[in-house]
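Coordinates in review
Now for the letters of each chain:
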Amino acid sequence: MWSERPLFDFHVILSVTALLVTVGLTMVLSSSSVESFVSSGSPYARFIPQAIYAAIGFVAFVAIVRVSTRTIRALAPWLLGIAGVLLVLVLIPGIGVEQMGARSWFVVGGISFQPSEFAKVALAIWCAHLLATYVSAGVDVNKALKPLALVSVLVMALVVLQRDLGTMITIGIILMAMLWFGGFRTSTVAAITISGGVASLVLGLTAGYRSDRIKAFMNPTMDPQGLNYQTIQAKYALASGGVFGKGLGQSDAKWSYLPQSHNDFIFAVIGEELGFLGAFLIIVLFAIVLLIGMRISQRSSDPFLRILAAASTTWIVLQAFINIAYVVGLVPVTGLQLPLISAGGTSMITTMMMFGFIAHAALREPEALVSLNGGGSRWMRTVFGRPVEPPKARPARRARAPRTPTDSGRTTRRPSQAQAQSGARARDRADDQRPRERSTARRSRR
């Protein structure tokens, strides 16, 4: 019965988030220390910014849990509008900066920011708000397909212009999750999914660097010092780790053998240093996220929280699956990061925000609300606040009886059927009582 405790879901999602962040910071320090020391003279050059971003993400996590659901929904259109403006600005030369083949970065004072990551969060909130509005109004949710598809396609088009295929795939995952958990027709979801897959394949074959990744995936032994160099080095790292690994900090791949060992291919370093057991632990943690996230979604009474929690869970788990899959060679390299583990400031903050939405829904389960408002632990109320219970439905007013005119011209209320029956029973009891009163009076006179 331990899983039926009121705050079980919230405690689990909070613990898993903390574990993933801890493992991520540890592995970023381990995998980037060598190159950081060579480039800057300090092994903590990449670790310290990542730790700062994790702290900012924690603040965002707590703020999202504390804020009311009504406030989140009210901000949804504004956040989407701001994200759209940023996606347009980043395409302007001189404002946006190109890194690793994609013009999707703002760099201000040495701090880089990727607006497409913020756009994913804003789009998820707005889509959930739109679908929940249709559901609450009792309108067929399939009528929301046009505005949902129009806005999503526009955001994806702006991301494609930035030449960021990985982010476009993530936005496609968010859209598919919204369609599925929003209750759209299965035929509609299937048609859009197939169309999205075909579009991704076409985009993958049209650009040189993307087509090279597909060629490398189709021919794993081709060009081991060029196209397949990164994938082959990742497999070497995983194979050399064995069951128990070489030990934390003992990776050979991070000595400039494996490019992006602290970012896209950090899972290979985990497998080398912590072995199969460490890599399997990461997979188990994301499996727990999947199970608990879907459980929270099913237990949510608010349609907005139900859809948003399910979509957030799908986004996080599928992105982790894609990252692990291309590291081990199951799919072409897409550039998607391992959530909360790979180095990347904007990705860390936005992923913490999505975990915050899941925790927000968990803390507003009916049983959790009763437990918190009935007392709860002091640290929970101090850090995450006390969620406000949803407004209770007012009892329906009793219908007034119609008035009938009297001889004096005034109107009197016509008694209802129930009132008439109760009045008749009262008169019958009075009639039965009169003979008893008369007999009692006669005996007293005698």
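Coordinates for the structure precede this section.
First things first, this report covers the structure right here in the doc. Treat the numbers as computed from the prediction; the structure is a model and nothing was measured.

Another aspect to go through is the packing of helix α3 (residues 69-89) against helix α5 (residues 145-161). Where α3 meets α5, the closest approach of the two axes is 10 Å, and the angle between their N-to-C directions is 30°. Taken together, α3 and α5 sit at an angle that is classed as roughly parallel. As for how α3 packs across α5, the hand of that crossing is left-handed. Contacts between α3 and α5 involve L80, G84, L87 and V88 from the former and V151, V155 and L158 from the latter. Residues of the contact of α3 with α5, tallied by class, amount to six nonpolar, one polar and no charged.

Turning next to the packing of aromatic side chains. Taken as a whole, this structure holds four aromatic pairs when the rule is applied. The interplanar angle of 85° and the centroid separation of 5.0 Å between the aromatic rings of F10 and F384 together place this pair among those described as edge-to-face. With a gap of 374 residues between them, F10 in helix α1 (residues 8-40) and F384 in helix α14 (residues 378-384) connect regions that are remote in the sequence. Side by side, F10 and F384 carry an identical accessibility label, which is buried. An aromatic cluster of three or more residues is present, and its members are F10, F61 and F384.

This next bit is on empty space enclosed by the protein. This structure, assessed with the given rule, holds one cavity of 30 Å³ or more. Here the largest cavity defines a volume of roughly 30 Å³. Around the largest cavity, the lining residues are Q50, Q337, L338, L340, I341, S342, G344, S347 and M348. Here the lining of the largest cavity is built from residues that sort into four nonpolar, five polar and no charged.

Quick look at the pattern of salt bridges now. Applying the stated criterion across every chain yields a total of nine salt bridges. D252 serves as the salt-bridge partner of K246, at 2.7 Å between the closest nitrogen and oxygen. We classify D252 as partly exposed; its relative accessible area is 42%. One salt bridge in this structure joins E272 and K246, with 3.2 Å as the shortest N-O distance. Of this pair, E272 sits in helix α10 (residues 266-299) while K246 is found in the loop between α9 (229-241) and α10, placing the two residues 26 residues apart along the sequence. Residue class for E272 comes out buried when judged on its relative accessible area of 1%. Linked through salt bridges whose partners overlap, the residues forming this network are D9, R295, R299, E365 and E367.

Procedures and definitions
- Residues take numbers from 1 onward in each chain, read along the sequence in its written order.
- In keeping with the model being predicted, local features are shown solely for residues with a pLDDT of at least 70 and side-chain atom pairs are shown and tallied solely at 80 or more, while totals for entire chains, interfaces and linings include all residues.
- Excluded from the side-chain calculation are hydrogens and water; included are all heavy atoms of the structure.
- Only the stretch in contact is used when a helix axis is fitted, and all axes are lines through C-alpha atoms; the angle between N-to-C directions ranges over 0 to 180 degrees.
- Only DSSP runs of H or I reaching four residues or more are called helices, and only runs of E reaching two or more are called strands; each is numbered from the N terminus.
- If an angle is under 35 degrees, it is roughly parallel; if it is over 145, roughly antiparallel; if it lies from 65 to 115, roughly perpendicular; otherwise it is oblique.
- Helix crossings fall into two classes, left-handed where the near helix is turned counterclockwise from the far one by less than a right angle and right-handed where it is turned clockwise.
- Here a residue-residue contact requires only that any non-hydrogen atoms of the pair lie within 4.5 Å.
- Note on residue categories: nonpolar means Ala, Val, Leu, Ile, Met, Phe, Trp, Tyr, Cys or Pro, charged means Asp, Glu, Lys or Arg, and polar means any other residue, Gly included.
- Stacked, edge-to-face and tilted are the three classes for Phe, Tyr and Trp ring pairs, Trp counted by its six-membered ring, which pair at centre distances within 6.5 Å; planes under 30 degrees apart are stacked, over 60 edge-to-face, the rest tilted.
- Throughout this description, buried means an accessible area under 20% of the type-specific maximum (1.4 Å probe, protein chains only), exposed means over 50%, and partly exposed covers the range between.
- Each cavity reported here is a set of points on a 1 Å grid over the protein atoms alone in which a 1.4 Å probe fits but cannot get out, each pocket an open set with protein on both sides within 12 Å along at least five of seven lines, and each lining residue one with an atom within 4 Å of a point.
- Grid points are joined across faces, edges and corners, and a volume is the space filled by probe spheres set on the points.
- One speaks of a salt bridge when a side-chain nitrogen belonging to Lys or Arg is within 4 Å of a carboxyl oxygen belonging to Asp or Glu.

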